[in-house]
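# Residue-level structure breakdown
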Amino acid sequence: MSIYNFCAGPAMLPAEVMAKAEAEFRNYQQLGVSVMELSHRCPEFMAVAEEAEQNLRDLMAIPDNYAVLFMHGGARGQFSAIPMNLLGQGKALYLLNGQWSDSAAKEAERYGQVETFDLRQGKGCFSLDGLGDTSDYRYVHYCPNETVDGVALYDIPEVDAPLVADLSSCILGRELDVSRFGLLYAGAQKNVGPAGLALVIVRRDLLDQARPETPSILNYQVAQKSDSMYNTPPTFAWYLSGEVFKWIKEQGGVAVMAERNRRKAQTLYDFIDASPFYQNNVAAAFRSEMNVTFQLVDEGLNQRFLKEAEAAGLRALEGHRIVGGMRASIYNAMPQQGVDALVAFMTRFAEAHQ
Ligand SMILES: *Cc1c(COP(=O)(O)O)cnc(C)c1O
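Residues numbered from 1 in each chain as written. Predicted model: local features only at pLDDT ≥ 70, side-chain atom pairs only at ≥ 80, totals over all residues. Heavy atoms only, no water.

The protein appears in an unreviewed UniProt entry as Phosphoserine aminotransferase from Ferrimonas marina. Quoted verbatim from the Subunit (unreviewed entry) heading of the UniProt record, the comment on the protein is "Homodimer." The Sequence similarities (unreviewed entry) field of the UniProt record for the protein holds the comment "Belongs to the class-V pyridoxal-phosphate-dependent aminotransferase family. SerC subfamily." (UniProt positions renumbered as here; feature names shortened; annotations may be inferred.)

## What about the UniProt feature "modified residue: N6-(pyridoxal phosphate)lysine" (unreviewed entry) in the protein?
Under the local residue numbering, the UniProt record ascribes the feature "modified residue: N6-(pyridoxal phosphate)lysine" (unreviewed entry) to Lys190. By the secondary structure assignment, lysine 190 is in the loop between strand E11 (183–187) and strand E12 (197–203). Of the residues examined, lysine 190 reaches a relative accessible area of 11% and is grouped as buried. Contacts of lysine 190, omitting those with residues within four sequence positions, involve Ala8, Gly9, Ala11, Thr147, Ser168, Ser169 and Tyr331. (Helix = DSSP H or I, 4+ residues; strand = E, 2+ residues; numbered from the N terminus. Buried < 20%, exposed > 50% of the residue type's maximum accessible area, 1.4 Å probe, protein only. Contact = heavy atoms within 4.5 Å.)

## Digging into the site of the ligand
In the vicinity of the ligand, 13 residues are found, and the nearest of them are Arg76, Thr147, Asp166, Gln189 and Lys190. In the model, an oxygen atom of the ligand is placed 3.0 Å from a nitrogen or oxygen of the alanine 75 main chain. Residue threonine 147 places a side-chain N or O atom 2.4 Å away from an oxygen atom belonging to the ligand. Against a free-state accessible area of 390 Å², the protein chains account for coverage of 87% of the ligand. (Near = heavy atom within 4 Å. Polar contact = N/O pair within 3.5 Å; in protein donor to acceptor, adjacent residues only side chain to side chain. Areas by Shrake-Rupley, 256 points an atom, 1.4 Å probe, with all protein chains shown as cover.)

See the structure below:
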C-alpha cells in the first residue's frame, strides 16, 4: 500500500530526493563519510552550498541586488530577526490574515512600534481596502499563504515601504516576482527541506540596518559577509534543500510545480464543493493551493475519519489544533496520485456514513 503523507510540516519530501540521499547517506561522493560529517568549509561542502544558492536563484529568478542567506532558527527565528534588522527606531505595519501573520506581529511588538491592519472580512474573504499611505513604515509584513487557515493572498499588496513576506508554506509553489519585495523568508520544512533552516532573500540595501544589540547569528549583514557560515550552518538541511532545488529544476522549474499544484488543489476543492458531506469556508479566490482545509459536516465523525484514513495510508490529515477540522497539505512533493487517493477515500467514507 502506498503511504501519502499530508503533514503540514515537517512535510513529505520528493521520493526521488529521499532515495538519492539514502543512497549517498554514508558515502558522499565516494569520500567514505556522510555529507553531514564534512567540514562546512571543505571544498565538497562549499560546492554543495554554492550550487544550492545558484539553483535557488535560478528557480526564483532572484535579481543580483538580492542576497540569499541560509540561516538558523526556522521561520520564527525570522519573526525576531526581521524587526531587529529592519525596524530601527521606526514603526512597522503587519497585515493580518491568519495564525502565522498574527504570531509574526506579536513577536515584532517586543522590539518596537508595530501597527496592524486586519484583512479578514468574514465569510472567508480578505481585503486591503482602507489601507492608507504606508510610506511612514520601515517595512510592511504579510503572509501570502496561511498554513493553518488554508488561506492564500495571490495578489501582492501595493505598498510604499519595503514589503516583507513569510513564504514558509508557499515558496517555490508558484512563480513570484522577487523584485516586488524587500525581503522574503521561509522556514524550510514545508516546501524545501529539513526543519531548522530558514531561507532569507533580502535586498542588499536592507542588509546593514540592524540594531547593535542584534544577536550575530540573526544579523543579516553578518550572515551575508560570512556566506551564511558565521557559525556552523545546518549543513545537512542545506544539502538536502539543495537536492530539492535540483529536483524542481529537473521537473521543469517553478512553472511546472505551479501547474501541478493548481491541478491538485482544484481536484480536492472541486470534490469538496460537490459533496454535501464535506465543506470548506474560504472564498474561492483566497483558497490555498498548498494547505486545503475542510470540515466534515458531521464533526462527530472526525476521529473515525482520521483513523480510517490512516489505515488507508493517508497520514496526518488532522487540522491544526487551533482551528480543528481537517487539512491536507499538498506541497510540491505531493504527487497527483496522493490527492486522487485522498478523494477516493473521502468518497468511500461519505458513502459509508451518509
Ligand atoms: C510553519 C510556519 C512558520 C513557523 O516555522 P518554524 O520554522 O517552525 O519557525 C511560520 N510561518 C508560516 C507561514 C508557517 O507555515
